[in-house]
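So you can see what is in the structure, the chains are spelled out below.
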Amino acid sequence: MPELPEVETIRRGLEKTIIGKKIVDVEVRLPKIISIGPAVVSNIRKNSAVTAKKFRTLAVGHKIIGVSRRAKMLMIDLSGLPAGRQGPLTILVHLKMTGQMIFAKKGEKKAVKIFNALNSRRETLPHQYTHVIFKFSDGSHLYYNDIRQFGYLRLVRDQDLEHVRELAEYGPEPDDKKFTVQYFMDKAMTRPKLSIKQFLMDPKIVAGIGNIYSDEILYWAKIRPARVLRSLDLADFSAIYRAVPKVLKGALKAGGSSVGDFFRVDGSEGHYGRVHMVYGRYGENCRVCGEEIMRVKLGGRTGSYCPHCQK
Ligand SMILES: [Zn+2]
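Residues numbered from 1 in each chain as written. Predicted model: local features only at pLDDT ≥ 70, side-chain atom pairs only at ≥ 80, totals over all residues. Heavy atoms only, no water.

Spelled out, the test is: UniProt positions are given in the numbering used here, feature names are shortened, and annotations may be inferred rather than shown by experiment.
Under an unreviewed UniProt entry, the name given to the protein is Formamidopyrimidine-DNA glycosylase. Recorded in UniProt under Sequence similarities (unreviewed entry), the annotation for the protein is "Belongs to the FPG family."

## Examining the overall build of the protein
Heads up, the rule is: Here a strand is any run of E in DSSP of at least two residues, a helix any run of H or I of at least four, and the numbering for each starts at the N terminus. Between the two quantities, the radius of gyration covers C-alpha atoms and the globule rule is 2.2 Å times the number of residues to the power 0.38. Accessibility here uses a 1.4 Å probe with only protein chains present; expressed as a share of the type maximum, an area under 20% marks a residue as buried, one over 50% as exposed, and anything in between as partly exposed. Two residues form a contact once any of their heavy atoms are found within 4.5 Å. Here the Shrake-Rupley method, with its probe set to 1.4 Å, supplies the accessible areas, and only the displayed protein chains count as covering residues.
From N to C terminus, the protein includes 7 helices and 13 strands. Here the C-alpha radius of gyration of the protein, 21 Å, is about what a compact globule of 311 residues would show, namely 19 Å. Overall size of the protein, expressed as C-alpha extent along the three principal axes, is 60 × 45 × 35 Å. Per-residue burial for the protein yields a buried fraction of 52% across its 311 residues. Considering only residue pairs separated by 6 or more positions, the protein has 63% of its internal contacts joining residues 24 or more positions apart. Counting every atom, the protein has about 14,600 Å² of accessible surface; 52% of that belongs to carbon and sulfur.

## With respect to the side chain of Arg45
Rule in force here: All tallies of charge rest on Lys and Arg as positive and Asp and Glu as negative; His and the ends of each chain are not included. The salt bridge definition used is simple: a Lys or Arg side-chain nitrogen within 4 Å of an Asp or Glu carboxyl oxygen. N or O atoms within 3.5 Å of each other form a polar contact, as long as, within protein, one can give a hydrogen and the other can take it, and as long as residues adjacent in sequence are counted only when both atoms are side-chain atoms.
Following the sequence through the fold, Arg45 ends up in the loop between strand 2 (34–36) and helix 2 (49–59). For the buried Arg45, no salt bridge is present, and the opposite-charge side chain at shortest range is Asp146, 6.1 Å distant. In terms of polar contacts, Arg45 uses its side chain to reach the backbone carbonyl oxygen of Phe150, at 3.4 Å. A distance of 2.3 Å separates a polar atom in the side chain of Arg45 from the backbone oxygen of Gly151. If sequence neighbours within four positions are ignored, Arg45 has contacts with Lys32, Ile33, Gln149, Phe150, Gly151 and Tyr152.

## What to know about empty space enclosed by the protein
Rules: In the cavity and pocket records, a cavity denotes points on a 1 Å grid over the protein atoms alone where a 1.4 Å probe fits but cannot get out, a pocket denotes an open set with protein on both sides within 12 Å along at least 5 of 7 lines, and lining residues are residues with an atom within 4 Å of a point. Grid points are joined across faces, edges and corners, and a volume is the space filled by probe spheres set on the points. Polar here means any residue outside two lists: the nonpolar Ala, Val, Leu, Ile, Met, Phe, Trp, Tyr, Cys and Pro, and the charged Asp, Glu, Lys and Arg; Gly therefore counts as polar.
In total, this model carries 2 cavities of 30 Å³ or more according to the counting rule given. Looking at the second largest cavity, its volume works out to about 30 Å³. Looking at the second largest cavity, the residues that line it are Thr98, Gln100, Ile114, His127, Tyr129, Asn145, Asp146 and Ile147. Split into classes, the residues belonging to the lining of the second largest cavity amount to 3 nonpolar, 4 polar and 1 charged.

## Quick look at helix 6 (residues 211–221)
For an α-helix the count is 3.6 residues per turn, leaving residues at separations of three or four pointing the same way. With 10 of 11 residues buried, helix 6 is to be regarded as a mostly interior element. Within the sequence span of helix 6, burial applies to Asn211, Ile212, Tyr213, Ser214, Asp215, Glu216, Ile217, Leu218, Tyr219 and Ala221. Buried-residue contacts for helix 6 involve helix 1 (4–17), helix 5 (196–200), helix 7 (234–253) and strand 13 (301–305). Downstream of helix 6 by a residue or two, Lys222 has a phi angle that is positive, lying close to 65 degrees.

## Focus on the coordination of the zinc ion
Note the cut-off: Note that water is not among the atoms used; donors are N, O and S atoms within 2.8 Å of the metal (3.2 Å for Na, K and Ca), so sites may look incomplete. A four-donor site is called tetrahedral if each angle lies between 85 and 135 degrees; a four-donor site is square planar, and a six-donor site octahedral, when trans pairs exceed 155 degrees and the remaining angles lie between 65 and 115; all other cases are labelled irregular.
Distances from the zinc ion to its protein donors, Cys286 (SG), Cys289 (SG), Cys306 (SG) and Cys309 (SG), fall within 2.2 to 2.4 Å. For the zinc ion, the 4 donor atoms in the first shell make angles of 98 to 115 degrees at the metal, a pattern classed as tetrahedral. Each donor residue of the zinc ion belongs to the same chain, and together they define the spacing C-x2-C-x16-C-x2-C. A relative accessible area of 5% places Cys286 in the buried class. Overall, Cys289 belongs to the partly exposed group, its relative accessible area being 30%.

## With respect to the packing of helix 1 against helix 7
Condition: Every axis in this analysis is a line fitted to C-alpha atoms, fitted for helices over the stretch in contact. Angles between the N-to-C directions lie between 0 and 180 degrees. Here is the rule for angles: anything less than 35 degrees is roughly parallel, anything more than 145 is roughly antiparallel, 65 through 115 is roughly perpendicular, and the remaining ranges are oblique. Handedness of each helix crossing follows the sense of rotation of the near helix against the far helix: counterclockwise by less than a right angle gives left-handed, clockwise gives right-handed.
It is the contact of helix 1 with helix 7, at a shortest axis distance of 9 Å, that shows an interaxial angle of 40 degrees. Considering their axes alone, helix 1 and helix 7 lie oblique with respect to each other. Every pair of crossing elements has a handedness; the one defined by helix 1 and helix 7 is right-handed. From helix 1, Pro5, Glu8, Thr9 and Arg12 reach across to helix 7, where they touch Leu248, Ala251 and Leu252. For the contact of helix 1 with helix 7, the residue count by class is 4 nonpolar, 1 polar and 2 charged.

## Some remarks on the domain arrangement of the protein
How we decide: For every domain, the bounds stem from an assignment made automatically or drawn from a database.
Taken domain by domain, the protein consists of domain 1 (4–169) and domain 2 (181–305). Using only C-alpha atoms to locate each centre, domain 1 and domain 2 end up separated by 28 Å. Taken together, domain 1 and domain 2 are joined by 1 salt bridge. With a closest N to O distance of 3.6 Å, Lys113 and Glu269 form a salt bridge.

Structure follows, in structure tokens:
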């Protein structure tokens, strides 16, 4: 699942490619990927041809004027239209487990890997997992691919954005000035028995940290993922707090971690996976001390850690 560095990498890729482009068509091949309005999108949903048609009607004719991000939600800002037609709109995109957004210039035959595995085949877009295609007036295309089909594209009027529950509930971004070590500790004190890994992964505490980066942050903070919050002292919290930007900025610089099926907007891979210290390295040796990397189950997720480097 893409986390903050991956989603921000995609945002930057979209910003470079689709801003200023006018939508002339939207081909919805799998209607359940599409929704309209601020209501929460469930993981279990039905295909509605009516919704897909309405989505297309509303989106066509608009220009893309901005691409922003809040936590793991991408927000594609569409221009307003003359009086009588729909006003300013935003397309909220959540990639969930396996969503991808790939851009292709006019006439460009783009072939991308389905999975980021050595033996994964490359397929020319659109392929069987391409569910939505935006067509722009200059002949370029934006493809939304999603194997697991949990992701969504939700069209919301700008005036309704405040009613989107996920957006209202997200905790601060890691670089927000509201995210202080004091805030971090105050939140931790309300749930003393929770593990630090689960705490870091809670989007209401801080936005955009999932399984990969919680493991990496805790490695650099020298704290084991299963440690419960009440066992941590000020020095521990400070170390974790400092590791958050260190890890996320490093990952962003590398274009994210291509594990599973994350690819950048141009179809290329992120490189942070090559420097992971613990995530995905169970049974391998620690790059620093040589000890074998261990794993621990925490609330349905698995944390990896070095038993020597982390206390
Ligand atoms: Zn170690």
